[in-house]
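One-letter residues, chain by chain:
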Amino acid sequence: MAQSKWKPGIPEYTDKDRISHEELMTMAMSRVKEEIDEKGYEIAGMRNEANAVPNYIVRDGDKTMFIVVRAGVIPVVPGLPVQMGRAMLQHAEKFGAECYYASVAFGSKDDDRFSAGLLLRDDEYLCKYDGMKKVSFE
């Protein structure tokens with residue numbers, strides 16, 4: 001990523017300078033897609049909407065996986081609501097699919113903006129992503 005156009009600290013900015021939730025979701029989807037590609041999975045379907053369940057349908061040979069992606073701005077690292085996880089498992093069961101959850105959070109590399117949870121366009125940012133986690137409620 002290019003160097004930030006923003007000076008250190010919290011600058012004057014407008015709402016147009018903030019990364020939108022749609023852009024944040026696109027960034028998160030791109031990060032998860034990198035893992036999908038690294039693992040050699042085939043993408044059978046994709047929905048970029050923030051509330052889509054699942055966001056990715058992937059195949060690894062005969063195995064089908066549903067992946068839900070959620071995006072947040074640090075300090076908020078999105079979790080999987082239990083109700084959504086259970087609904088996803090029921091839906092996946094109809095297709096013999098396994099379910100995975102991918103939580104992706106971004107924060108500014110600038111300490112002040114990071115602490116404030118402020119993510120601006122053309123800023124340098126960090127990504128917190130621990131990989132896809134299998135969903136189960138046992």
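See the structure printed just above.
Computed from a predicted model, the values in this text were never measured in an experiment.

A.B. asks: For this particular structure, what's the right way to read the side chain of D110?
C.D. replies: Residue placement: D110 occurs in the loop between β4 (98-108) and α3 (111-116). A residue is classified by how much of its surface remains accessible, and D110, at 14% relative accessible area, is buried. Here the side chain of D110 touches D112 through a polar contact of 3.1 Å, landing on its backbone nitrogen. Beyond its immediate sequence surroundings of up to four residues, D110 is in contact with P8 and G9.

A.B. asks: Please clarify how the pairing of strand β3 (residues 63-73) should be interpreted in this entry.
C.D. replies: For a regular strand, the rule is simple: side chains alternate between the two faces of the sheet. Of all eleven residues making up β3, nine are buried, and the element is well covered by its neighbours. Inspection of the sheet shows strand β2 (residues 56-60) paired to β3 by five bridges, in the antiparallel sense. What sits directly across from Y56, in β3, is I67. In sequence, β2 turns back onto β3 through a hairpin of two residues, with G61 there showing a positive phi of about 65°. Looking at chain direction, β3 and β4 are connected through nine bridges and run parallel. By the bridge assignment, G72 is partnered in β4 with A105.

A.B. asks: Whenever I open this one, the packing of aromatic side chains confuses me. Can you help?
C.D. replies: Working definition: an aromatic ring pair is given by the centre-to-centre distance plus the angle between the planes. Per the stated rule, a full pass over the model turns up two aromatic pairs. Between the aromatic rings of F66 and F95, the centroid separation amounts to 5.9 Å while the plane-to-plane angle is 50°, which identifies the pairing as tilted. In this pair, F66 sits in strand β3 while F95 sits in helix α2 (residues 82-95), placing the two residues 29 residues apart along the sequence. By relative accessible area, F66 is classed as buried at 3%. For the pair F106 and Y125, a centre-to-centre distance of 5.4 Å together with 80° between the ring planes defines the contact as edge-to-face. Taken together, the positions of F106 in strand β4 and Y125 in strand β5 (residues 125-129) put the pair 19 residues apart, joining distant regions of the chain. F106 sits in the buried class, given a relative accessible area of 2%. With a relative accessible area of 29%, Y125 lands in the partly exposed category.

What counts and what doesn't
- Counting from 1, residues in each chain are numbered in the order their sequence is written.
- Owing to the predicted nature of the model, reporting of local features is limited to residues with pLDDT of at least 70; listing and counting of side-chain atom pairs is limited to 80 or more, with chain, interface and lining totals taken over all residues.
- Side-chain measures were taken over the full set of non-hydrogen atoms in the model, leaving aside hydrogen atoms and water.
- A helix here means a DSSP run of H or I that spans at least four residues, while a strand means a run of E at least two residues long, and both kinds are numbered starting from the N terminus.
- Only protein chains enter the accessibility calculation, which uses a 1.4 Å probe; a residue whose area is less than 20% of its type maximum is buried, one above 50% is exposed, and one in between is partly exposed.
- The term polar contact refers here to a pair of N or O atoms within 3.5 Å; inside protein, the definition further demands a hydrogen-donor-capable atom paired with an acceptor-capable atom, and it admits residues adjacent in sequence only when both atoms are side-chain atoms.
- Contacts between residues were defined by any pair of non-hydrogen atoms, one from each residue, lying within 4.5 Å.
- Each pair of strands is called paired provided DSSP finds at least two bridges between the two strands.
- Note on aromatic pairs: the rings of Phe, Tyr and Trp (six-membered ring only in Trp) are paired at centre separations within 6.5 Å, and the planes decide the class, stacked below 30 degrees, edge-to-face beyond 60, tilted for the rest.

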